[in-house]
Amino acid sequence: MAVKTDTTNSEDYAIEVNDVSMIFNMASERLDNLKEYFIKLVKHELFFEEFHALKHVSFKVRRGEVLGLVGTNGSGKSTMLKIIAGVLEPSEGSVRVHGNIAPLIELGAGFDIELTARENIYLNGALLGYTKEFIDAHLDDIVDFAELRDFMDMPLKNYSSGMVARIAFAIATVVEPDVLIVDETLSVGDVFFQEKCERRIREFIESGRVTVLFVSHSLEQVERLCTRCVWIEKGEQRMIGDTDDVCQAYRRQFN
Ligand SMILES: Nc1ncnc2c1ncn2[C@@H]1O[C@H](COP(=O)(O)OP(=O)(O)OP(=O)(O)O)[C@@H](O)[C@H]1O
């Protein structure tokens with residue numbers, strides 16, 4: 001039998017996930033307020049239960065590849081994306097990402113709702129590593145893409161969740177990233193904005209330079225965009241392979 005060897009060099013990979021496990025500590029009893037929590041903590045009466053959100057997950061994503069993550073609610077997809085984006089530290093294992101990441105997860109998490117949209121663009125831009133001069137030069141692109149020119153001086157607390165998502169997506173994708181991480185968050189946008197976002201994501205994909213990690217509950221969207229897929233179920237990696245094979249097996253499981 002011929003042995004298939006992987007001739008891909010390490011530099012050809014944009015993302016390497018090596019044996020990642022994530023354990024969350026959850027209070028084993030329900031506490032109603034912070035005071036109760038601290039009293040229990042001081043009295044050493046606070047007990048935790050370990051919850052294994054990810055169990056020994058490993059996969060690699062080649063540069064320019066579009067990898068989908070599928071799995072039912074609570075299976076660990078967002079946790080995996082957050083670990084790759086550097087938002088969470090894995091309990092075990094490691095992740096290597098080559099290049100800069102545009103994480104479209106928890107859109108707007110870095111925003112200050114008391115500030116205006118314009119101020120938030122500068123604030124969020126700084127968090128993404130952009131200078132003031134860079135934002136000055138790209139402000140029109142961001143505002144035009146978000147289609148919210150008339151609302152730039154309104155505090156974000158008066159924005160709807162879809163409007164916040166528009167601003168956040170426009171900032172995060174104003175330049176081509178090396179790695180784009182897209183979570184379900186775009187679903188808060190209206191259908192026209194979702195299509196606009198998908199077009200921009202497609203442009204990145206078609207450039208062949210951007211590696212995309214994609215989580216969606218729409219298998220049709222996953223099939224439309226992704227070349228390969230990882231199926232994670234209850235924290236375990238069930239399957240990795242061509243999108244059609246993985247989506248077919250996933251559908252079969254629940255039909
Ligand atoms: N900070 C946290 N503390 C405790 N448990 C958490 C935390 N974050 C996630 N979890 C748990 O980890 C599990 C995986 O959650 P995760 O959000 O990664 O799932 P998901 O596959 O993205 O789900 P969905 O499809 O519903 O978005 C869930 O059971 C969730 O309750």
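The numbers attached to residues start from 1 for each chain and follow its sequence in the written order. Where totals are concerned, whole chains, interfaces and linings use all residues; where local detail is concerned, this predicted model gives features only for residues with pLDDT of at least 70, and gives and counts side-chain atom pairs only at 80 or more. For side-chain calculations, the full set of non-hydrogen atoms in the structure is used, while hydrogens and water are omitted.

Asker: Help me understand unusual backbone geometry in this model?
Answerer: Outside of glycine, negative phi angles account for most residues, and trans bonds account for most peptide bonds. In the Ramachandran plot, His56 falls in the positive-phi region, its phi being about 50° despite a non-glycine side chain. Comment: elements are numbered from the N terminus, with helices defined as DSSP H or I runs of at least four residues and strands as E runs of at least two. If you trace the backbone, His56 turns up in strand E2 (residues 48-62). The backbone of Lys234 sits at a positive phi, close to 50°, despite the residue not being glycine. Here Lys234 shows up in the loop between strand E8 (228-233) and strand E9 (236-242).

Asker: Looking at this structure, I do not really get helix H6 (residues 191-207). What am I missing?
Answerer: For an α-helix, 3.6 residues make a turn, and residues three or four places apart therefore share a direction. When the terminal C-alpha atoms of H6 are compared, their 24 Å separation across 17 residues agrees well with the 24 Å that a helix rising 1.5 Å per residue should span. Exposed residues in this analysis have more than 50% of their type's maximum accessible area, buried residues have under 20%, and partly exposed residues fall in between, with area computed by a 1.4 Å probe over protein chains only. Along H6, the residues that are buried comprise Phe193, Lys196, Cys197, Glu198, Arg200, Ile201, Phe204 and Ile205. Residues count as neighbours in contact if any of their non-hydrogen atoms are within 4.5 Å of one another. Its buried side turned inward, H6 meets strand E3 (66-70), helix H4 (132-146), helix H5 (161-172), strand E6 (179-182), strand E7 (211-215) and helix H7 (219-225). Distance and chemistry together define a polar contact, namely a pair of N or O atoms within 3.5 Å, with one atom able to donate a hydrogen and the other to accept it when in protein, and with adjacent residues in sequence counting only for side-chain atoms on both sides. For H6, the N-terminal cap is Asp190; the gap from its side-chain oxygen to the backbone nitrogen of Phe192 is 3.1 Å. Positive phi appears at Gly208, one or two residues downstream of H6, with a value of about 75°. One less than the residue count of a helix, multiplied by 1.5 Å, gives the span that helix is expected to have.

Asker: Quick question: what am I supposed to make of the pattern of salt bridges here?
Answerer: When their charged atoms lie close together, side chains carrying opposite charge are able to pair. The salt bridge definition used is simple: a Lys or Arg side-chain nitrogen within 4 Å of an Asp or Glu carboxyl oxygen. Inspection of every chain in the model, using the stated rule, returns 16 salt bridges. Residue Glu220 is joined to Arg251 by a salt bridge in which the shortest nitrogen-to-oxygen separation is 3.6 Å. One end of the pair, Glu220, is in helix H7; the other, Arg251, is in helix H8 (residues 243-254), with 31 residues separating them in the sequence. The exposure class of Arg251 is partly exposed, given its relative accessible area of 29%. Notably, a salt bridge pairs Glu223 with Arg251, separated by 2.9 Å at the nearest N-O pair. Of the two residues, Glu223 is situated in helix H7 and Arg251 in helix H8; the sequence distance between them amounts to 28 residues. Accessibility expressed as a relative area gives 30% for Glu223, which makes it partly exposed. Within this structure, Glu147, Arg166, Asp190 and Lys196 form a network of salt bridges that share partners.

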